[in-house]
Each structure stands twice: as C-alpha cells, then as structure tokens.
Amino acid sequence: MRDLSPLERGFAHELSYGVSRLQGRLDHLINPWLHQGADSLEWQLRILLRIGVYQLLRMDRVPDYAAVSQTVEMSVGAGHERARGMINAVLRRAGEAGEADDRFPDPATDPAGWLVSAGSHPRWLIDRWLQRWDFKQVSALVEANNTIPATHLVPLSGDVGAAWAELDEAGIESEPDSLSGTLRLPQADPTTALAAVPGFIQDPAAALVCRYAAPPAGGLVADLCAAPGGKSLSLARTARYVLAADPAAGRLAIVQENVRRSGLPIGVVQARAEGVPVITADLTLIDAPCTGTGTLRRHPDARWRLESTAPVELAAVQARILHHASRSVPVGGLLVYSTCTLEPEENRDQVREFLATHTGFVMDPPDDPALPMDNEGMLEVLPQRDSGDGAFAARMRRKS
C-alpha cells in the first residue's frame, strides 16, 4: 500500500472493506450461477468472484467490462488459468441479474434468511440476536453494521464548543456531540483536524464509557486493558495520573505514541490485567477482551472470524480478569468493567455473576440521567439505537 497513490489507496481500501462487509450478500448473489455454490470453490476463486461482483454492483466508477476482464486476469495471475471461463460467465450473469429485493429471501416469511443474505451476517449471530430483539431492531443493527463508520475527534481541552469553533475557523466541517464530548468529522482528514485542534480519535460509544466511569477529579486511575489507549487519554484529561497496562507490546507502542503527542500524565507498562502491580487506585478500568460484536461496522471481517462458541469462551477469560483485578481495588474505590460487545454473557450476566460472588462490591452508577443506562444502572450503547459503535459498562464500588 505504501507505493500506491492516494487515489489507488482509497480504491483498494473501499474494495477490501466493502468485500469483507458484504461477503455474505455477494456469495448469495454468486451461488445461483455455480453448481455447488461459492463454498465449493478454492478460497482464492471465491475471493476473486466477490471482488468482481462487488465492482460490478457497487462501484459505479469501474466499467463492467473492466471489472470482468481484470478479475479474469487476476485469476490467471493467481495460477487459475482453467477457471477463466467460469469466472467470466459467473460475473456476467451475476452482473446482469443485479441485487434487487427479489434476489433474496422474503423478510416477511424468512426474516433470518433475509438478514443472513441481504444483510451479510453469519446465521448463528442473526439467530442469537433475534432471540433478544425483534426483526425491526435486528434489521437496524445489521444496517448499522454495514455502514462506513464516521470519524470522531475528542479535544484534549474537553471543550467541544471551543474545539468546534477552532475547526470552523480552520475551514474544517464538524458536528459537535455534547453527550459524548466528540466532534464528528464528515469529510475532513483526521490528520488535518488534529493539527487544528489537539485531541485524539475516539468513537462516541467509547467516549460514553469514559463519561460513565466518572472518576474523581485529580484521582489515580488504573486502565488494565489499555491498548490502543483511547480511554486512557480520555480519563487522563482530569486524572492526576493514569497507569495504562496491556500485555501486547505492539499495541502499547500506539499508546506510547499517543502519550508522547498529548503530553498527558500517563504511565505505560506491559503487563497482564490479572497481575498488574497496582497497590491502589481511585478507579480501576477493565476494558475487557471480548467478541467485539458492537464494532462490526469498524471491523467488517470480524463477523466471519468469530465462532458461535466465542461469547461463552471469552466470558470465562473476562471473569478471571475481573476477579484478579478486583483484588487491588481498595475499600471505597471504583471498579468499571466495560466491553465493546453486545452479548449478554460478556456484559450484564458477567457483572451479575461477579456481584453475586464478590459481595464487597455494589453497583454505583453515576448520577447522570443523560446516559443510556438500564434499570440496574449499567451503561448500554446500541448501534441500532444510539448511532455509533456498541458498548457496555458497569460501575461498581467496593464497600468492604
């Protein structure tokens, strides 16, 4: 990608992300023209057909003949000379058939089938969501996951109004969001916006987790699963000091660069959350590893990599981290558990189980009625309702 022009880089980005995002939809449109469906083909041929069909149906700037001929040439270059005729035929037929509604199952009679194919999501995930929400909500979630995420800037000053004025003066369009404390950048290059207003890039959902955490001003904060560091930066704007810990050295390099650029009081240490050498902290944040089903629009390939067993398997990891990290929380201290997943085993059920087995902790949500909290005081940000990524958080205090 380094040798590509900006135009070529943009084309490659759109093509790769678009094909990943709409993989299920593309396979559904390809299947009728193959005797045994797309799954019967070698992986390289499947990807080539997806690339070709995506260009035919979704990229108006690519002429149909070019989309077909280039995909055929790519198949030859990949050593699939004998597949030239098949690829040519499938692409032409799929392009002529298009992607009208009648190419997919009827949502009135087969809602799951429609969400899987037209909505391009794995069946197990759709079935799971339909058990919790009605078709309208799941359809809205799927649609949100298939949109390109906007970029949001968080000003280091915390003054969204002043930051908006500075961006406007610099000729950079932005839309302030007072709830999350972010500014949406509809068109601007983030680099240009950050040059005009010191800050960092963060989705509104993550920013809401930090607002929900509500650490005491001037307090000590331990962020035990910190990378890539957005929440550490956000909390450090009002904290006396933030310890940012993570086991991944490569991801910590991003944190260190952001700390250097921001000048905020953050110390970086490579350590696992279960064994971070924290003696005491006013607030301990555990942004736990999770399935990330609240961020599928940002990571379109993740939906295809996840297995149906992942929520339960990761819940066991989260429980272990939560248990060990809670031991360093002093009496009166706050413990905030957060994820970017929508799955109950990793969120509400995880917190309920923790509170049942760690009776010294109680829920202690902030007095902030503007936040989207449930009747137990847990933060729940939903892509289909709140626009943006999905997120969850529970704020607990150690009483004894």
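Structure: see above.
Given the structure is predicted, the values throughout are model-derived calculations rather than measurements.

## Notes on the packing of aromatic side chains
Here comes step 1: Counted according to the given criterion, the structure contains two aromatic pairs.
Here comes step 2: The positively charged end of Arg-132 is found above the aromatic ring belonging to Trp-133, 4.1 Å away from the centroid.

## Some details on the environment of Arg-348
Here comes step 1: Of note, Arg-348 is situated in helix H16 (residues 348-357).
Here comes step 2: Placed 231 residues apart in sequence, Arg-348 and Ser-117 show a C-alpha to C-alpha distance of 30 Å.
Here comes step 3: The contact partners of Arg-348, leaving out residues within four places of it in the chain, are Asp-374, Glu-376, Met-378, Glu-380 and Phe-392.
Here comes step 4: Polar side-chain contacts of Arg-348 include one of 2.7 Å to the side chain of Asp-374.

## Comments concerning the packing of helix H7 (residues 123-130) against helix H8 (residues 135-145)
Here comes step 1: Orientation of H7 relative to H8, taken along the N-to-C sense of each, is 140°, at an axis distance of 9 Å. In terms of orientation, H7 lies oblique with respect to H8. Every pair of crossing elements has a handedness; the one defined by H7 and H8 is right-handed. Side by side, H7 and H8 meet where Ile-126, Trp-129 and Leu-130 of the first sit next to Phe-135, Val-138, Leu-141, Val-142 and Asn-145 of the second.
Here comes step 2: Among the residues making up the contact of H7 with H8, the classes are represented as seven nonpolar, one polar and no charged.

## Let's talk about the sheet that holds strand E4 (residues 199-201)
Here comes step 1: The four strands are arranged E2-E3-E1-E4 in an open sheet whose pairing can be described as antiparallel. Strands with a single pairing partner mark the edges of an open sheet, and in this sheet they are strand E2 (175-177) and E4. Neighbour to neighbour, the strand axes of the sheet diverge by 30° on average, direction disregarded.
Here comes step 2: Where strand E1 (residues 151-155) lies against E4, three bridges are found, and the strand directions are antiparallel. Along E4, the bridge assignment pairs Pro-155 with Gly-199.
Here comes step 3: Packing of helix H9 (residues 160-169) onto the sheet brings it into contact with E1, E2 and strand E3 (182-185), and relative to E3 it is tilted by some 30°.

## Some thoughts on the layout of surface pockets
Here comes step 1: Size it by volume and the second largest pocket reaches roughly 630 Å³.
Here comes step 2: Arg-21, Asn-146, Thr-147, Ile-148 and Pro-149 are, among the 23 residues lining the second largest pocket, the residues nearest its centre.
Here comes step 3: Elements that contribute at least two residues to the lining of the second largest pocket include exactly helix H1 (6-21), helix H3 (43-58) and H8.
Here comes step 4: Examining the composition of the lining of the second largest pocket, we find that six residues originate from one element, H1, more than from any other.

Conventions we followed
Residues numbered from 1 in each chain as written. Predicted model: local features only at pLDDT ≥ 70, side-chain atom pairs only at ≥ 80, totals over all residues. Heavy atoms only, no water. Phe/Tyr/Trp six-rings, centres within 6.5 Å; stacked < 30°, edge-to-face > 60°. Lys NZ or Arg CZ within 6 Å of the ring centre and 35° of its normal. Helix = DSSP H or I, 4+ residues; strand = E, 2+ residues; numbered from the N terminus. Contact = heavy atoms within 4.5 Å. Polar contact = N/O pair within 3.5 Å; in protein donor to acceptor, adjacent residues only side chain to side chain. Axes fitted to C-alpha atoms, helices over the stretch in contact; angles between N-to-C directions. Parallel < 35°, antiparallel > 145°, perpendicular 65-115°, else oblique. Left-handed = near helix turned anticlockwise from the far one by under 90°. Nonpolar A, V, L, I, M, F, W, Y, C, P; charged D, E, K, R; others polar. Pairing = 2+ DSSP bridges. 1 Å grid on protein atoms, 1.4 Å probe; cavity = no way out; pocket = protein on both sides within 12 Å on 5 of 7 lines; lining within 4 Å. Points joined across faces, edges and corners; volume = space filled by probe spheres on them.

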